[in-house]
Amino acid sequence: MSFFDFDERIIPLDTWIQSGVDKLVENYRDVFQIMKMPVEVSLNGVVWVLTYLHPLIIIAALCAAAYRYSGRKLAVFTALTLMLTGMLGLWEETMITLAMVFCSVLFCAVAGIPLGILAGRSDRFEGFIRPFLDAMQTTPAFVYLVPVVMLFSIGTVSGILATIVFAMPPIIRLTSLGIRHVHPELVEAAESFGATPFQVLRRVQIPLAMPSIMAGLNQTIMMSLSMVVIAALIGAGGLGMPVFLGLNTLDIGLATIGGLCIVLLAMVLDRITQGMGTVKRK
Amino acid sequence: MDKKEKIKIEDLYKIYGNKPKQALSMLKSGKSKEEVLEKTRMSVGVNNASFTIYEGEIFVIMGLSGSGKSTLVRLLNRLIEPTAGSVWLDGEDVAKMSTERLTEIRRRKMCMVFQSFALMPHMTVLENAAFGLEISGAKKEERRERAVTALAQVGLEAWADSYPDDLSGGMKQRVGLARALAVNPEVLLMDEAFSALDPLIRCEMQDELLKIQKKNKRTIVFISHDLDEAMRIGDRIAIMEGGRVVQVGTPEDILLNPADDYVRAFFRGVDPTIILTAKDISQKNDVTIKMRPGNGPRTAVQRLIKYEKDQIYVLDEDEVYLGILTRDVLDEMIDRGERELDAGRLNVIEPSRETDSMQDILPKLISGTAPVPVVDSEGVYAGTISRKQFLKTLHRNGESE
């Protein structure tokens, strides 16, 4: 067998991974089940709140946010969008999707913003984290859906975990970028007045990186919405479900209204968070 | 010197690169900056700088871009770590002190004003002015009060609630100055603070700084590449070239006795008639006589003959300048048999003050024939300026052209 006979699989990486994941599942499944607890608890909480409250309250709240961060036009658009989802009979799915997006974005922000700050302040850490971010963004979701299901079992929580993997990179990248784009002389000025590294971060770097961090948050929201349908493949509920069911039963109508709601919801969330990034000063 | 030493830097070096020790020993063995760069790929920022800055003076560090002056000022508050040497501030070595102590010094003793203003765009003018106080943890009311006072000092109290983006360049730098003044530091470091402003505003800011300095004497280290600016505000000037301090002295010292061609080249194109005063160029070459009993016309004439002069400068008992007697007048007095000097016969040429510039003296030199007498603020005779001396000064200054 020649070394360059590439018809053969010389490195059996696939079997190694297979057996590695098998071992993980065999021995550590309980550990992974515990790990998903925080996500499960917060998701259930948010879902409960969103479905328990009267739709009118939720519509009012979202409209208020739209009005606060953008203006009357977006408030009207938000109201119409939510009314439509309700009238299409997808209110509960929309709320579940909203809860999923909220939870995944929450975890992305909690982990991603500190990581982004670290990456913004250290070239070494940035160099270390970059390949991981590239992998998270480009690995097709179907590749890691199977191990996620094996380790965490099917359901909405697994869907959120898969979403977090995919949606976290932009907030890390944009936070780092924002920190790096703060003018060095501003940092120097702060230091010249005796600011500690933490003071520099809190009073100068983070406030000035805020627009960029908000842009990262916005991207993270959009990317988690784009994962909704894929998450539905592993049993996550929400607006992905009608699309998935519609595809399986060739029910074009069902798939389309699901897709329509996803798009409209994405537009609403995008406009609101974009408005947050450019909050006008008094 | 009776003045107190405030900052004293000794054998200060800054070398940029990964193996500064090697470059340092090369420099110490007399190798030049260029040789070090070629051999080790390391660049020398500051090369063996030593000088003393006294309390209450405005000390200007001047040099072209790349001369290391901005590096040097950052070594003073250790925004840049020195490679070797000491920076003594009131007897403490800034270069070796702990981070905690350094932070303390930056918060209370030594503040900096930047060329690019470096104002925080997300804070109001008032918040910017209070920035140093906020960092040092001052109470909110105290912060506000002191920041408002500082803004009033630079005439910007009406803009307290604006944002830096709403201000013009000159106003921004006033905020930068107020931010430093609010801390009430003993030492003010100004890194090309006025260089980004247009000439008219720059002049205005210089006056402002001098005004503030007059009220409350601080030690100011001012970095500049502009000779006129250095001459205008500096009590003393250090000139830097290629990381070395080439000369330290008062503006007049440096103008009259430049240490080398580099310094001389700096002054090329500078109009000495603006900078040099009567005191700088006056000489005591002329003959004087005191108006008192016993000093008659004959004594005066004898002196004139001895020193080959045509006129004598008459002073009173306290050396206060009175007027001039020419040889002709004296001869006439002798012919008439007068034995005392007569105040009525004096030709009272109006004297120049010591602080007058050469430009002020010029008309007097042109209108009269005799050298112009120079007096101090009390009227005491301090010497004379002849046409010859005046021209010589002009010539010496232009010789490098």
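Residues numbered from 1 in each chain as written. Chains lettered and ligands numbered in written order. Predicted model: local features only at pLDDT ≥ 70, side-chain atom pairs only at ≥ 80, totals over all residues. Heavy atoms only, no water.

1. Section: the interface of chain A and chain B
1) Next: Each side of the interface is counted separately: chain A has 18 residues, and chain B has 27 residues.
2) Next: Overall, the association of chain A and chain B removes approximately 1900 Å² of surface from exposure, summing both partners, and the carbon and sulfur fraction of that is 62%.
3) Next: Where chain A packs against chain B, one counts two salt bridges.
4) Next: In this structure, E134 of chain B and R203 of chain A form a salt bridge, with 2.5 Å as the shortest nitrogen-oxygen distance.
5) Next: Counting every contact that joins chain A to chain B gives seven residue pairs in polar contact (both at pLDDT 80 or more).
6) Next: For the side of chain A that touches chain B, the secondary-structure elements that each account for two or more residues are α9 (184–192) and α10 (197–226) of chain A.
7) Next: Here the element with the most residues in the side of chain A that touches chain B is α9 of chain A; it accounts for seven residues.
8) Next: Within the side of chain A that touches chain B, the residues separate by chemical class into eight nonpolar, four polar and six charged. (Contact = heavy atoms within 4.5 Å. Buried area = accessible area lost by both parts, 1.4 Å probe. Salt bridge = Lys/Arg side-chain N within 4 Å of Asp/Glu carboxyl O. Polar contact = N/O pair within 3.5 Å; in protein donor to acceptor, adjacent residues only side chain to side chain. Helix = DSSP H or I, 4+ residues; strand = E, 2+ residues; numbered from the N terminus. Nonpolar A, V, L, I, M, F, W, Y, C, P; charged D, E, K, R; others polar.)

2. A short note on the confidence of the model for chain A
1) Next: Summing up the model confidence of chain A, the mean pLDDT is 90 and the portion of residues at 70 or higher is 98%.
2) Next: No element of chain A has a lower mean pLDDT than helix α7 (residues 141–152) of chain A, at 86, and none a higher one than α9 of chain A, at 95. (pLDDT = per-residue confidence, 0-100.)

3. Structural notes on the sheet that holds strand β11 (residues 288–290) of chain B
All names here are of chain B.
1) Next: Overall, mixed pairing links the three strands, which are arranged β11-β12-β13 in an open sheet. With one partner strand each, in any of the chains shown, β11 and β13 (321–326) form the two edges of the open sheet. With strand direction ignored, the average angle separating the axes of adjacent strands in the sheet is 30°.
2) Next: Judged from the five bridges that link them, strand β12 (residues 311–315) and β13 form a sheet pairing that is antiparallel. Residue pairing in the sheet places I312 in a bridge with L325 of β13. (Pairing = 2+ DSSP bridges. Axes fitted to C-alpha atoms, helices over the stretch in contact; angles between N-to-C directions.)

4. Quick word on the packing of helix α5 (residues 91–121) of chain A against α10 of chain A
All names here are of chain A.
1) Next: Direction vectors running N to C along α5 and α10 enclose 140°, while the axes themselves pass 9 Å from each other. One way to sum up the angle between α5 and α10 is to call them oblique. In the crossing of α5 with α10, the sense of the turn from one axis to the other is right-handed. Residues T97, V101, S104, V105, C108, A109, I113, I117 and R121 of α5 pack against P197, L201, Q205, I206, I213, L217, T220, I221, S224 and L225 of α10.
2) Next: When the residues that make up the contact of α5 with α10 are grouped by side-chain class, the tally is 13 nonpolar, five polar and one charged. (Parallel < 35°, antiparallel > 145°, perpendicular 65-115°, else oblique. Left-handed = near helix turned anticlockwise from the far one by under 90°.)

5. Some words on the sheet that holds strand β8 (residues 219–224) of chain B
Residues and elements named next belong to chain B.
1) Next: Spatially, six strands are ordered β6-β7-β8-β3-β9-β10 in an open sheet, and the strand pairing comes out mixed. Two strands close off the open sheet at either side, each with one partner strand: β6 (110–113) and β10 (244–249). Averaged over all pairs of adjacent strands, the angle between strand axes in this sheet comes to 20°, irrespective of strand direction.

6. Structural notes on the packing of helix α2 (residues 37–52) of chain A against α5 of chain A
All names here are of chain A.
1) Next: Running from N to C, α2 and α5 point in directions that differ by 140°, and their axes come no closer than 9 Å. Classified by the angle between their axes, α2 and α5 sit oblique to one another. Crossing handedness for the pair α2 and α5: right-handed. On α5, the residues touching P38, V39, S42, L43, V46, V47, L50 and T51 of α2 are E92, M95, I96, L98, A99, M100, F102, C103 and F107.
2) Next: Classifying every residue of the contact of α2 with α5 gives 14 nonpolar, two polar and one charged.

7. So, the pairing of strand β4 (residues 84–89) of chain B
1) Next: One ladder, built from five bridges, connects strand β1 (residues 5–16) of chain B with β4 of chain B; its direction is antiparallel. Bridge pairing links E10 of chain B to S86 of chain B in β4 of chain B.

8. Structural notes on the pattern of salt bridges
Residue and element names in this part refer to chain B.
1) Next: Taken as a whole and judged by the stated rule, the model has 33 salt bridges over all chains.
2) Next: Across the pair E57 and R236 runs a salt bridge whose closest N-O atoms are separated by 2.9 Å. Placement of E57 in the loop between β2 (43–54) and β3 (58–62) and of R236 in strand β9 (residues 236–241) is noted, with a sequence separation of 179 residues between them. The residues E57 and R236 share a single accessibility class, namely buried.
3) Next: Between R327 and D331 there is a salt bridge; the shortest N-O distance is 3.6 Å. With a gap of four residues between them, R327 and D331 both fall in helix α16 (residues 327–335), about one helical turn apart.
4) Next: R327 sits in the partly exposed class, given a relative accessible area of 29%.
5) Next: In this structure D331 comes out as partly exposed when scored by relative accessible area, which is 29%. (Buried < 20%, exposed > 50% of the residue type's maximum accessible area, 1.4 Å probe, protein only.)

9. With respect to the domain arrangement of chain B
1) Next: Domains assigned within chain B are domain 1 (5–109 + 185–270) and domain 2 (279–396).
2) Next: Distance between the C-alpha centres of domain 1 of chain B and domain 2 of chain B: 44 Å. (Domains from an automatic or database assignment.)

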